[in-house]
Amino acid sequence: MHHRHPKEKKLTYGIIGLGRFGTALALELYKKGAEMIIVDSHPERIRWARELTENAYIVNSFDYASLRKIGIQNCDIAVVCIGKHIDDSIMITLDLVTMKIPQVFAKAQNDKHGIILEKLGAHVVYPEREMALRLASYLENTRTLDYVRLSKKVNITKVKVTEQSDNKTILDLKIRNKFGCNIIAIEHNGKVYDVVTPDTKLFTDDIIYVTGSEDRLDKLIKAI
């Protein structure tokens with residue numbers, strides 16, 4: 001008789017709460033073909049979740065009995081995505097740990113909340129902080145241009161100042177008149193300055209954050 005190797009077993013994820021964080025997580029797991037149990041108290045959110053899994057349940061309250069009834073204890077990994085109501089988040093995390101789910105992750109609203117969740121035995125996730133750190137390391141590692149497209153006409157990009165523009169003012173370089181772009185901040189020696197005037201000087205290796213249309217920014221990048 002052929003025994004399946006335990007590693008072949010698909011992990012089941014429990015997602016409790018479909019706010020922005022829970023929704024983004026559910027979509028990512030769905031793309032990866034993961035098995036999920038999704039729980040929320042909003043009927044319309046669960047209607048949407050049924051597109052991702054047939055195990056999507058509406059609960060009136062996230063209490064121990066309701067969670068057990070839908071089989072959340074059978075998950076390999078459960079993620080408490082509720083952050084706003086800290087007391088709910090703590091109670092649910094405690095219940096999931098008590099159910100002996102192998103791994104419980106919980107979203108924390110702040111450090112104190114995180115400390116409590118950790119003490120209960122959960123892995124703590126700080127979405128905003130992690131997003132900021134990821135963005136910071138991305139910006140650090142990307143020495144080329146980063147475009148942030150706000151609309152077709154408005155883009156933000158960062159441009160490194162070359163030697164040819166060293167010691168020149170923004171007025172000298174005619175950034176607004178000639179290129180139709182606006183500088184919103186300047187990074188000089190690792191510090192960011194957001195007060196920029198026409199007589200602000202630029203130096204080699206400064207990084208300027210500029211807004212403008214794509215073609216205008218392209219022209220500016222070549223000139224600066």
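Residues numbered from 1 in each chain as written. Predicted model: local features only at pLDDT ≥ 70, side-chain atom pairs only at ≥ 80, totals over all residues. Heavy atoms only, no water.

**A closer look at a nonpolar patch on the surface**
Thought 1: Where nonpolar side chains cluster on the molecular surface, the patch consists of L27, Y30 and W48 and spans about 260 Å² of accessible area.
Thought 2: Its place among the elements puts Y30 in helix α1 (residues 20-31).
Thought 3: Look at Y30 and you get partly exposed, because its relative accessible area is 41%. (Patch = residues over 30% accessible without salt bridge, like charges linked within 9 Å, V, L, I, M, F, W, Y side chains within 5 Å. Areas by Shrake-Rupley, 256 points an atom, 1.4 Å probe, with all protein chains shown as cover. Salt bridge = Lys/Arg side-chain N within 4 Å of Asp/Glu carboxyl O. Helix = DSSP H or I, 4+ residues; strand = E, 2+ residues; numbered from the N terminus. Buried < 20%, exposed > 50% of the residue type's maximum accessible area, 1.4 Å probe, protein only.)

**Section: the sheet that holds strand β4 (residues 77-80)**
Thought 1: In space, the 6 strands of this open sheet follow the order β3-β2-β1-β4-β5-β6, with parallel pairing throughout. Bordering the open sheet on either side are β3 (56-58) and β6 (123-125), each of which pairs with just one other strand. The sheet shows a mean angle of 15° between the axes of neighbouring strands, direction not considered.
Thought 2: As paired elements, β4 and strand β5 (residues 103-107) share 4 bridges and run parallel to each other. Bridge pairing in β5 places V80 opposite A106.
Thought 3: Running over the sheet, α1 touches β1 (12-16), β2 (35-40), β4, β5 and β6 and is turned about 160° from β1. (Pairing = 2+ DSSP bridges. Axes fitted to C-alpha atoms, helices over the stretch in contact; angles between N-to-C directions. Contact = heavy atoms within 4.5 Å.)

**A look at the confidence of the model for the chain**
Thought 1: On average, residues of the chain score 85 in pLDDT, and 86% of them are at 70 or above.
Thought 2: Contacts of residues 1-6 to residues separated by more than four positions or lying in other chains number 1 contact, the stretch itself having pLDDT below 50. (pLDDT = per-residue confidence, 0-100.)

**Overview of α1**
Thought 1: In a regular helix each residue adds 1.5 Å, so 12 residues correspond to 16 Å; α1 covers 17 Å between its end C-alpha atoms and thus fits that length.
Thought 2: Where α1 is concerned, the buried positions are G22, A26 and L29. Mapping the buried residues of α1 onto a view down its axis gives an arc of 70°, with all of them on the same face. Relative to its buried face, α1 has exposed residues pointing more than 90 degrees away, namely R20 and K31.
Thought 3: The secondary structure elements touched by the buried residues of α1 are β1 and β2. (Expected span 1.5 Å × (residues − 1). Arc of directions from axis to C-beta.)

**A look at the layout of surface pockets**
Thought 1: In this structure, the largest pocket encloses a volume near 810 Å³.
Thought 2: The wall of the largest pocket is formed by 28 residues, among which G19, R20, F21, C81 and K107 lie closest to the centre.
Thought 3: Contributions of two or more residues to the lining of the largest pocket are made by α1, β5 and α6 (127-141).
Thought 4: By residue number, the principal contributor to the lining of the largest pocket is α6, which donates 5 residues.
Thought 5: Residue composition of the lining of the largest pocket, by class: 12 nonpolar, 7 polar and 9 charged.
Thought 6: In this structure, the second largest pocket occupies an estimated 250 Å³ of space.
Thought 7: In this structure, the second largest pocket is lined by I170, L171, K174, I175, R176, N177, C181, N182, I183, V196, T197 and P198.
Thought 8: Here the lining of the second largest pocket is built from residues that sort into 7 nonpolar, 3 polar and 2 charged. (1 Å grid on protein atoms, 1.4 Å probe; cavity = no way out; pocket = protein on both sides within 12 Å on 5 of 7 lines; lining within 4 Å. Points joined across faces, edges and corners; volume = space filled by probe spheres on them. Nonpolar A, V, L, I, M, F, W, Y, C, P; charged D, E, K, R; others polar.)

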